Amino acid sequence: MIDQNAAKHELSITRLIHASPETVYKVWTERTGEWWAPRPYTTPVVDFELRPGGRAYTMMRSPDGADMPHDGVFLEVVPNRKIVVTDAFKPGWITQDAFMLAIVTFDPEGSGTRYTARVQHWSEEAMKQHEQMGSHEGWGIVAGQLAELAEGRLVSSAA
C-alpha cells in the first residue's frame, strides 16, 4: 500500500546526466565533497559507509565558516542504481529528531543517466522548512555540479 501522505511531503529534482549510471554513482559516492554543497559552500567532511545501517555523515561549511553537520544512516544501497538514506537514526540505530528520508536513483536513459533525488519529510512543517532553506534551488545547483564532474567538464567556481 502506498502512503499518499508521504507524496504530499515530498520534494524532488531530476536531471539527465550525460554519463553512465556507474560513473554518476561513483562521483556521488566517492567525490561527494566536490559537489554536495552549492558553491561557495563547501563539504570538508564526508563519512559514508555504503551499506544498510552504515553511517551517512556530511558537514557543510558556509562561506563565513559556520559548520552544518548532518548525521544519518543508509537504509538501502544498490550500487550504480539506488541509495536510500535517512536522518531518523544515527549509526547503531540510535533514534534522533528526524527531518527526512532521501531516495536517490541512477536510471539508465539513452547513453546517460536519469538522476533523481526525492526527499520525503515527516511532516508538512518539515517540508516547508526545507523549502525555505532553498532546497529546490540548492538541489538544482548541486545536481549541476554532480553532472559537471560525472561528464568530465571543468567545475565552475561560481554557484
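Residues numbered from 1 in each chain as written. Predicted model: local features only at pLDDT ≥ 70, side-chain atom pairs only at ≥ 80, totals over all residues. Heavy atoms only, no water.

> How do you make sense of the environment of Thr-86 when you look at a structure like this?
Note that Thr-86 resides in strand β5 (residues 82-86). Here Thr-86 falls in the buried class, since its relative accessible area comes to 2%. Separated by 14 residues in sequence, Thr-86 and Met-100 place their C-alpha atoms 5.9 Å apart. The contacts of Thr-86, once residues within four sequence positions are left out, are Gly-72, Val-73, Leu-75, Met-100, Leu-101 and Trp-122. Reaching out from Thr-86, the side chain makes a polar contact with the backbone nitrogen of Ala-88 at a distance of 3.0 Å. A distance of 2.9 Å separates the side chain of Thr-86 from the backbone oxygen of Met-100, its partner in a polar contact. (Helix = DSSP H or I, 4+ residues; strand = E, 2+ residues; numbered from the N terminus. Buried < 20%, exposed > 50% of the residue type's maximum accessible area, 1.4 Å probe, protein only. Contact = heavy atoms within 4.5 Å. Polar contact = N/O pair within 3.5 Å; in protein donor to acceptor, adjacent residues only side chain to side chain.)

> Please explain the pairing of strand β9 (residues 112-121) as it appears in this structure.
The side chains of a regular strand alternate, first on one face of the sheet and then on the other. Counted residue by residue, β9 has eight buried out of 10 residues, so it is predominantly covered. As paired elements, strand β1 (residues 10-17) and β9 share eight bridges and run antiparallel to each other. The residue bridging Ile-13 from the neighbouring strand is Ala-117, located in β9. The sheet contact formed by strand β8 (residues 100-109) and β9 spans 10 bridges and is antiparallel. Looking at β9, one finds that Asp-107 is bridged to Arg-114. Where β8 folds back onto β9 in an antiparallel hairpin, the turn is made up of two residues, including Gly-110, whose phi is positive at roughly 60°. (Pairing = 2+ DSSP bridges.)

> When you look at the packing of aromatic side chains in this model, what are you seeing that I'm missing?
By convention here, two paired aromatic rings are described through the distance between centres and the angle between planes. For the structure shown, the criterion picks out 10 aromatic pairs. Between Trp-28 and Trp-35, the aromatic rings sit 5.8 Å apart at their centres with planes inclined by 50°, giving tilted as the arrangement. Per residue, the accessibility class of Trp-28 equals that of Trp-35, and both read buried. Ring centres of Phe-89 and Trp-93 lie 5.3 Å apart, and the angle between their planes is 80°; on these two criteria the pair is classed as edge-to-face. For Trp-93, a relative accessible area of 46% translates into the label partly exposed. Through a chain of ring-to-ring contacts, the aromatic side chains of Tyr-25, Trp-28, Trp-35, Trp-36, Phe-48, Phe-74, Phe-106 and Tyr-115 assemble into a single cluster. (Phe/Tyr/Trp six-rings, centres within 6.5 Å; stacked < 30°, edge-to-face > 60°.)

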